[in-house]
Amino acid sequence: MIEPIAKPRRKNPLLRTRLPTSPPRARSRASHGFTRAAAEGRFMLQRCGACATFCYPARDACPSCLSADLVFTDAPRRGTLLCGTMLHVPADVHFRERAPWRVGLVAMECGPTVVAHLHADCEEGQPVVMSLQLDKSGQAVAFAHPERETPNMADDRQWREMTAEPKFRRVLVTNGRSIVGQETVAALKAAGASIVFVGIAEPWKPFRGEDALRALEGVEIVPLDIGDEKSVADLAADIGGKVDILVNTTEHVRAGGLLDRQGTSIVRDEIDQSYLGFVHLAQAFGPAMRMRGSDGVNSAAAWVNILSVYALANWPVFGAYSASQAACLSLSHSLRAELRPGGIKVVNVFTGPLDIEWFQTVPPPKVAPRVVASSIVSALKRGLEDVFVGDVAEDIRQRLAANPKAVERELGT
Amino acid sequence: MQSSIRTPYDRVVMAVPVTIPYVRYSIESAQWWIGRALKALVDGAGITPRDIDGFCVSSFTAGLDSGIGLTQHFGLCVRWIDTIPLGGASAIAALRRAARAVQAGDARMVACVAGDTYHVDSFRYTLENFSRFNQDAVYPYGAGGANASFALIARNYMRTFGAQREDFGKIAVAQRSNALRNPHALMKTPLTIEQYMSARPIAEPLHLFDCVMPCAGAEAFLVMGEDVAASLNLPAAKILATIERHNAFGDDPVQVRGGWAVDIDELYAMAGVKPDDLDVVQTYDDYPVISMMQFEDLGFCRKGEGPDFVRQHDLTIDGSFPHNTSGGQLSVGQAGAGGAYLGVVEALRQVLRLAGPTQVKDARIGLASGFGMINYDRGLASGAAILAGPGA
């Protein structure tokens, strides 16, 4: 049984901040099939197309029939913990400073035996449920959970290393004017975040939902205009050392592509708000977060971007907006790589058109802001990296996997 | 006992057991250690390097060098060469290949050598670069080398067959007592069962004295024709039988047996001896649980009776079942691939009556085994050989 974790006390400014260390990162190319699955919270194993054998670890030929037709497939998650061990003297620095660390051998019902990190409530000889997680190196690892919910399950020490659990963490939501921003604040508070800083540009301008936001306990409104480099830097100077999770809720949506616009002023605004705003935030908050990846219960843990799914495939009706989102997506991959030494996750939440004013003319289905907010919290709790929210986003994801050229043609008509 | 159809190793012998005394850390290279072993072989046989026309080498730390690069390094001109990367099974494999090469006339005299250095950071480097499955599916889980894998195997073995920590302790304590008679053993202080039991945990159920100490060192022997050994006046041992098996019992969910169990009947049939006829046994002992598993798989007792077998025997040099008489890797140290050779070289010494302070009285027939390569969740490589000294 897990003891609930205690709310961390105020940090002693005289103590040195422990620097993050990475678990081993090297993987074979085939093994990144697990990385893809873990990023989306799926449990996949290689399965032979010729003889249907599931195998593990990742191979380039089937150990039953030597076929090369090994495909990563969603696989049954159940298994039995055969035996476990508590590692007291691991070889590398990362695990050594986290010792004792528990791992075990799990016999999957579908066949293979998997070495896995163990939730503390897993018992030898008992059923377990498996997931693939991204560890602090950003690579996939297998994690075994008890079959049934146990008390304080999410407070398991090893599980918390795999996730960006909001409980007792401090969050910056960059734009509290938007409905998505306000819903995100509420969802994070409900998930146990100790404080949520909410950025508001030009605070003297009133906005819808302001009273409700100000009434929330543990919510602090801070001045932040992410298009303004100095504003971002000023805020980082103030709270940069205590932002454990950053959720970029910037929302700058304008319709139109290229030919129906005169000049570049609208495009420039889009770039300023979305792309350069992201750059400002990353440069101001990224370095401190990367340093604080191992800073106790409320270590820095995650950076969340809300992106249009049209970052992946341009929708000419919102063509310039799609392009600005694509730029942000590309930048997020750079940020992901640069934050990796700190073990900070970069979570991209892809949505279809939101049910907000700027998509007024777009027919349903549209995504309710509350659903975006709950998806963010769920992604943090589960330690995901790529999340597709709503039917349109899921539709685009599947169609892109099938035939990207078809998506381009069909979005362009 | 089934009869063997394999060609016996007629007129092929082993000679010149060599151990270059181990050190915990060495600033020298693996090449240096291998070079010392070759020199000791040449001196011990009274030959020159030109007389060596076959070369078989194993090393984890020789960096970019395989056997071929080493021929130039050491000035060897050979007509037969092998580099064996089988970890703890390398010595048995080397013996098998060299013996057949000599028997077929492909080589006249083969030097079989394993040598490894141990720098302050070599162990981690070896771990990180061990194998693809290890890199993908073991090392990212905090596994401290093979400790985690063997902890899981030991834990399952204890649960399944009722072995107690004390049983593993008896193996370790007996080997320490043997090691105290071996001037080359790195462990020089006595070990009691109380000390074994109260040692700090490494990867439960493994504690400190279940684990080998990695170190630098080298081991070697020569394989040649009987006539060549006679012309050099070298004491030589016959190779009665060998076996080798890799990736056996892949369907066992956790390893409870090694490849020996597949071929054990053939080993004794080829040798024409029974387990009772053996005077001395050297198992591969990177952890006591693996030695216990070998007592079963090598035919000294049935599967699951390993714990009882240990309880009923005295495993020291003068005991009822002289085992790992040099002290084994647990008390001598594990010099990388040299660990594979330690038991084979000691068995050779024993049957040649050259073991000095660790000599088992009247030892004539000895068995040595090898085990290695924890690629993922189990040891894949296994082998064994039965040797007979003069007059056996």
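Just so you know, these numbers come straight off a predicted model, no measurement behind them.

When helices and strands are counted, chain A shows 11 helices and 15 strands. Its C-alpha atoms give chain A principal-axis dimensions of roughly 65 × 60 × 30 Å. Counting across all 413 residues of chain A, residues that qualify as buried make up 55%. Excluding contacts between residues fewer than 6 apart, the proportion of contacts in chain A whose partners are at least 24 apart in sequence is 68%. As displayed, chain A offers around 18000 Å² of accessible surface, 53% of which is attributable to carbon and sulfur atoms. Of the charged side chains in chain A, 48 are positive and 46 negative; the average position of the first set lies 4 Å away from that of the second.

A few words on the interface of chain A and chain B. On the chain B side, the residues contacting the 37 residues of chain A number 29 residues. At the boundary of chain A with chain B, total buried surface from both sides reaches about 2800 Å², with 60% on carbon and sulfur atoms. Considering only the surface of chain A that becomes buried against chain B, A:Pro57, A:Val89 and A:Val115 emerge as the three largest contributors, covering 18% of it. Put simply, chain A and chain B have 3 salt bridges between them. With a shortest N-O distance of 2.7 Å, B:Arg132 and A:Asp60 are connected by a salt bridge. Inspection of the chain A/chain B interface yields 13 residue pairs in polar contact (both at pLDDT 80 or more). It is strand β4 (residues 78-87) of chain A that provides the largest number of residues to the side of chain A that touches chain B, a total of 6 residues.

Let us look at the domain arrangement of chain A. Residues and elements named next belong to chain A. Partitioning chain A into structural domains gives domain 1 (32-162) and domain 2 (170-411). The gap between the C-alpha centroids of domain 1 and domain 2 is 31 Å. With 16 residues of domain 1 in contact, the opposing surface of domain 2 contributes 14 residues. In total, domain 1 and domain 2 occlude about 1100 Å² of area from one another, counting both sides; carbon and sulfur atoms represent 35% of this. The largest contributions to the domain 1 side of the interface with domain 2 come from Ala39, Glu40 and Lys136, which together make up 41% of the buried area. Summed over the shared surface of domain 1 and domain 2, the result is 1 salt bridge. Note that Glu40 is salt-bridged to Arg397, the shortest N-O span being 3.4 Å. Taken together, the links from domain 1 to domain 2 amount to 9 residue pairs in polar contact (both at pLDDT 80 or more). Of all the secondary structure elements, the ones that give two or more residues to the side of domain 1 that touches domain 2 are α1 (32-40), β7 (127-134) and α3 (157-162).

All names here are of chain B. Along its sequence, chain B is carved into domain 1 (12-121 + 216-231) and domain 2 (145-214 + 236-388). Computed over C-alpha atoms only, the centres of domain 1 and domain 2 are separated by 23 Å. Listed by partner, the interface residues are 43 residues for domain 1 and 41 residues for domain 2. Each partner contributes to the roughly 3100 Å² buried at the junction of domain 1 and domain 2, and carbon and sulfur atoms together form 71% of this total. The three residues of domain 1 that bury the most area against domain 2 are Met14, Tyr22 and Ile92, which together make up 22% of that side's buried surface. Ionic pairing is found between Glu244 and Arg97, a salt bridge with its closest N-O pair at 2.8 Å. Where domain 1 touches domain 2, the interface holds 9 residue pairs in polar contact (both at pLDDT 80 or more).

Reading guide: rules and limits
Residues numbered from 1 in each chain as written. Chains lettered and ligands numbered in written order. Predicted model: local features only at pLDDT ≥ 70, side-chain atom pairs only at ≥ 80, totals over all residues. Heavy atoms only, no water. Helix = DSSP H or I, 4+ residues; strand = E, 2+ residues; numbered from the N terminus. Buried < 20%, exposed > 50% of the residue type's maximum accessible area, 1.4 Å probe, protein only. Contact = heavy atoms within 4.5 Å. Areas by Shrake-Rupley, 256 points an atom, 1.4 Å probe, with all protein chains shown as cover. Lys, Arg positive; Asp, Glu negative; His and termini not counted. Charge placed at Lys NZ, Arg CZ, Asp CG, Glu CD. Buried area = accessible area lost by both parts, 1.4 Å probe. Salt bridge = Lys/Arg side-chain N within 4 Å of Asp/Glu carboxyl O. Polar contact = N/O pair within 3.5 Å; in protein donor to acceptor, adjacent residues only side chain to side chain. Domains from an automatic or database assignment.

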